Amino acid sequence: MDKEEIRFETLVQRNLPQLQRINTFAKMLKMTPNISKIIPNIDLLLPPHCKRKDQASLSDNEKQRYICAFNLINADGTLGQLVDIHNQMHMQHTNDRLLPWHRVFLLLFEEALHNYHPDVCVPYWDWTKPEEQHFPDWLAGILPTVHTPTRTISVVRSPGSESWLAATVSGVSSALAQTNYDNFSSPINGIHGGVHIWVGGTMSDASISPADPVFWLHHANLDRLWWGWYNSAAGNHQNPVIAGQISPWTYTEADTRNIISLGYEYV
């Protein structure tokens, strides 16, 4: 690994120490000196950059590998730790910390998936599209039981009507037209919570919502919208004003600005 990859790995491990205790073949390959010379097509096994796709465009194989990786990080306890972190009070909701806080949260989840399937990236659920204004069919039957360090969660949900979801997210265009971060993030905060409520069940409870696999697709879409706004003429590369580290992460607000440097992009 080069110096930038080592720095990134260290940052990830520092923010989710659980990953240090898991030994997989993917981790072994990453740590093998001169692995690219040993396996010339190593990028097929260990892609250097994550391409987050619209969930509706995933192949059956990509869907199955996402579900498999999700089940594995549930089995090894990483998912449970993430759920409990989300339950802690870090001022990560209903304010301008929502988007940067969850950008790190998504990144740590994605890196946990890479312990088992390095080619799996978090897909996004683009509920702004009329054709996706329903619960993703391929996740409908995925209702895991998640054991956290403090409790056991059995995922349930009861999605509302398509018209309700459409109305809930109808303010996205107006939010994207705003020309300062506060005016952009405020309606996005409301839409964020509205979709959680629309899915219902586990997703409607902030203390346990990351146990539902759709949580991550929902937040990936919010992250995607933020990235699009940030790079637009309206967003003009504006950032929230957050001093110091974003608790409990060792990331600062500046660390979250460029998703390319964080190792992923939306396609």
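In this report, we go over the structure that sits alongside the text. (Residues numbered from 1 in each chain as written. Predicted model: local features only at pLDDT ≥ 70, side-chain atom pairs only at ≥ 80, totals over all residues. Heavy atoms only, no water.)

### Some remarks on the overall build of the protein chain
Right, so step 1: Along the protein chain, the regular secondary structure elements total 11 helices and 4 strands.
Right, so step 2: Since a compact globule built from 267 residues should have a radius of gyration of about 18 Å, the 18 Å found for the protein chain is in line with a globular shape.
Right, so step 3: With the principal axes as the frame, the protein chain shows a C-alpha extent of 55 × 40 × 35 Å.
Right, so step 4: Classification of the 267 residues of the protein chain by burial places 51% in the buried group. (Helix = DSSP H or I, 4+ residues; strand = E, 2+ residues; numbered from the N terminus. Rg over C-alpha atoms; globule rule 2.2 N^0.38 Å. Buried < 20%, exposed > 50% of the residue type's maximum accessible area, 1.4 Å probe, protein only.)

### Section: the side chain of Thr78
Right, so step 1: Summarising the element assignment, Thr78 is placed in helix H6 (residues 78-87).
Right, so step 2: Contact partners of Thr78, with chain neighbours within four places excluded, come to Leu16, Gln18, Leu19, Ile22, Ile73 and Ala112. (Contact = heavy atoms within 4.5 Å.)

### Notes on the pattern of salt bridges
Right, so step 1: For the structure on display, the rule yields 11 salt bridges.
Right, so step 2: A salt bridge links Lys51 to Glu265; its shortest N-O distance comes to 2.9 Å. Here Glu265 lies in strand E4 (residues 264-266) and Lys51 lies in strand E1 (residues 50-52), a separation of 214 residues in the sequence.
Right, so step 3: A residue is classified by how much of its surface remains accessible, and Lys51, at 44% relative accessible area, is partly exposed.
Right, so step 4: Measuring nitrogen to oxygen at the nearest pair gives 2.6 Å for the salt bridge that ties Asp223 to Arg103. Note that Asp223 is positioned in helix H11 (residues 214-230) and Arg103 in helix H7 (residues 98-114), a separation of 120 residues in sequence. (Salt bridge = Lys/Arg side-chain N within 4 Å of Asp/Glu carboxyl O.)

### Side note on the state of the cysteines
Right, so step 1: Following the criterion strictly, the structure yields 1 disulfide and no others.
Right, so step 2: Paired by a disulfide, Cys50 and Cys121 hold their sulfur atoms 2.0 Å apart. Its S-S torsion of approximately -105° makes the covalent link between Cys50 and Cys121 left-handed. Linking Cys50 in strand E1 with Cys121 in the loop between H7 and strand E2 (145-147), this pair joins segments that are 71 residues apart in sequence.
Right, so step 3: For Cys50, a relative accessible area of 4% puts it in the buried group.
Right, so step 4: Residue classification places Cys121 among the buried positions, given a relative accessible area of 15%.
Right, so step 5: Of the cysteine sulfurs around Cys68, a residue in no disulfide, the closest is that of Cys121, at 15 Å. (Disulfide = S-S within 2.5 Å.)

### So, the environment of Thr32
Right, so step 1: Within the secondary structure, Thr32 sits in the loop between helix H2 (25-31) and helix H3 (35-38).
Right, so step 2: Accessibility expressed as a relative area gives 27% for Thr32, which makes it partly exposed.
Right, so step 3: Along the primary structure Thr32 and Ala175 are separated by 143 residues, whereas in three dimensions their C-alpha atoms are 46 Å apart.

### Structural notes on the packing of aromatic side chains
Right, so step 1: Tallied over the full model, the rule gives 19 aromatic pairs.
Right, so step 2: With a centroid separation of 5.8 Å and an interplanar angle of 75°, the aromatic rings of Tyr124 and Tyr266 are classed as edge-to-face. With Tyr124 in the loop between H7 and E2 and Tyr266 in strand E4, the pair connects residues that are 142 residues apart, well separated along the chain.
Right, so step 3: Residue classification places Tyr124 among the buried positions, given a relative accessible area of 7%.
Right, so step 4: By relative accessible area, which is 15% here, Tyr266 ends up buried.
Right, so step 5: An angle of 75° between the planes, with centres 4.8 Å apart, marks the rings of Phe215 and Trp216 as edge-to-face. Both residues of the pair, Phe215 and Trp216, belong to the buried class.
Right, so step 6: An aromatic cluster of three or more residues is present, and its members are Tyr66, Phe70, Trp101, Phe105, Phe109, Trp138, Phe215, Trp216 and Trp249. (Phe/Tyr/Trp six-rings, centres within 6.5 Å; stacked < 30°, edge-to-face > 60°.)

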